[in-house]
Amino acid sequence: MFKIRQAVGAIVSRDNHLLLVHKTKINTRIGTENIDGEWDFVKGGIEDSDVSPRDAILRELQEETGSTDFLIIKQFDEKIKFKFPEKMKKKIGYDRQETTMFLVEFTGANCDLAPVDKEIADLQFIPEKEVGDKLTHEDTRSFFMKNLSQQSTKRQDGKMCDK
């Protein structure tokens, strides 16, 4: 019986740019497998050792960027929900995924970003207006367009960190 994979994701902002990762590998039940490159936000599964979705996203951010210089601005109420294709279900052991999304500000130096996770081949800050065209997955693009057309990626006080 397949189950629902609980995951987290982060829309990371810095100076009107959003961080995207280029994922070229996935972890399956039998090991790591190469995939066609996918541009996405930082995302990953919630692990048993994670105390909360907030802890999970901070861990994923560190794994996928090599940095801990992040400020969580908001946790979105809406989740990204989708079913995996049949072929993928068998490889990963999950039928569906529900991703809790966060709005996050990067407060560090861009030159300090380097993926620790071998699934990630590249990281790029993309101008916010170009992100929708670059995202690979339609469900993520729809979530982004719906939620950020009403939400500024700047902190509530309107300031962006200059570190």
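Look a little higher up for the structure.
A quick note: this is a predicted structure, and the numbers were derived from the prediction, not measured.

**Q** What's the story with the side chain of threonine 100 in this structure? I'm lost.
**A** Here threonine 100 is to be found in strand 6 (residues 94–106). Residue threonine 100 is classed as buried on the basis of its relative accessible area, which comes to 5%. Contacts of threonine 100, omitting those with residues within four sequence positions, involve Ala7, Val8, Gly9, Pro53, Gln75 and Lys79.

**Q** It is not clear to me how helix 4 (residues 138–148) should be interpreted in this structure. Could you clarify?
**A** Structurally, the α-helix is built with 3.6 residues per turn, so residues lying three or four positions apart point the same way. Three or more residues of helix 4 are buried, namely Thr140, Phe143, Phe144, Asn147 and Leu148. Projected down its long axis, helix 4 shows its buried positions confined to an angular sector of 100°, all on one face.

**Q** Just to check I follow, could you spell out the environment of aspartate 139 for this structure?
**A** Looking at where aspartate 139 falls in the secondary structure, it is placed in helix 4. For aspartate 139, a relative accessible area of 26% puts it in the partly exposed group. As a C-alpha pair, aspartate 139 and isoleucine 80 span 59 residues in sequence and 6.8 Å in three-dimensional space. Residues contacting aspartate 139, with those up to four places away along its chain left out, are Ile80 and Phe82.

**Q** Would you take a moment to explain the side chain of arginine 14 for this structure?
**A** Mapping arginine 14 onto the fold places it in strand 1 (residues 3–14). At 2.3 Å, the side chain of arginine 14 and the backbone oxygen of glycine 108 are in polar contact.

**Q** I keep staring at the layout of surface pockets and nothing clicks. Help me out?
**A** For the largest pocket, the calculated volume is near 1,100 Å³. What lines the largest pocket is a set of 40 residues, among which Arg5, Lys23, Ile26, Phe84 and Gln97 lie closest to the centre. Partitioning the lining of the largest pocket into residue classes produces 13 nonpolar, nine polar and 18 charged.

**Q** Is there a simple way to think about the packing of aromatic side chains in this case?
**A** Working definition: an aromatic ring pair is given by the centre-to-centre distance plus the angle between the planes. Enumeration over the complete set of coordinates arrives at five aromatic pairs. Arranged with centres 5.8 Å apart and planes meeting at 50°, the rings of phenylalanine 41 and phenylalanine 144 form a pair that is tilted. Placement of phenylalanine 41 in the loop between strand 3 (31–40) and strand 4 (42–45) and of phenylalanine 144 in helix 4 is noted, with a sequence separation of 103 residues between them. Among the aromatic residues, those joined into a cluster by ring pairs are Phe70, Phe106 and Phe125. Looking at lysine 134, its charged tip hangs above the ring of tryptophan 39, at a distance of 4.4 Å from the centre.

**Q** How should I be thinking about the nonpolar core in this particular structure?
**A** Inside soluble globular proteins, nonpolar side chains tend to come together where they are buried. Among the nonpolar cores identified, the biggest contains 18 residues, and Val12, Leu19, Ile57, Leu61 and Val104 are the most heavily contacted of them. Contributions of two or more residues to this core are made by strand 1, strand 2 (17–28), helix 1 (53–65), strand 5 (70–83), strand 6 and strand 7 (120–127). Those residues in contact with leucine 61 that sit more than four places away from it in its chain are Ala10, Val12, Val42, Gly66, Ser67, Phe70 and Val104.

**Q** It is not clear to me how helix 1 should be interpreted in this structure. Could you clarify?
**A** If you check helix 1, its first and last C-alpha atoms are 18 Å apart, about what 13 residues at 1.5 Å a residue would give, namely 18 Å. Looking one or two places after helix 1, you find glycine 66, whose phi comes out positive at around 75°.

About the cut-offs
- Residues numbered from 1 in each chain as written.
- Predicted model: local features only at pLDDT ≥ 70, side-chain atom pairs only at ≥ 80, totals over all residues.
- Heavy atoms only, no water.
- Helix = DSSP H or I, 4+ residues; strand = E, 2+ residues; numbered from the N terminus.
- Buried < 20%, exposed > 50% of the residue type's maximum accessible area, 1.4 Å probe, protein only.
- Contact = heavy atoms within 4.5 Å.
- Arc of directions from axis to C-beta.
- Polar contact = N/O pair within 3.5 Å; in protein donor to acceptor, adjacent residues only side chain to side chain.
- 1 Å grid on protein atoms, 1.4 Å probe; cavity = no way out; pocket = protein on both sides within 12 Å on 5 of 7 lines; lining within 4 Å.
- Points joined across faces, edges and corners; volume = space filled by probe spheres on them.
- Nonpolar A, V, L, I, M, F, W, Y, C, P; charged D, E, K, R; others polar.
- Phe/Tyr/Trp six-rings, centres within 6.5 Å; stacked < 30°, edge-to-face > 60°.
- Lys NZ or Arg CZ within 6 Å of the ring centre and 35° of its normal.
- Core = buried A, V, L, I, M, F, W, Y, C linked by side-chain atoms within 4.5 Å.
- Expected span 1.5 Å × (residues − 1).

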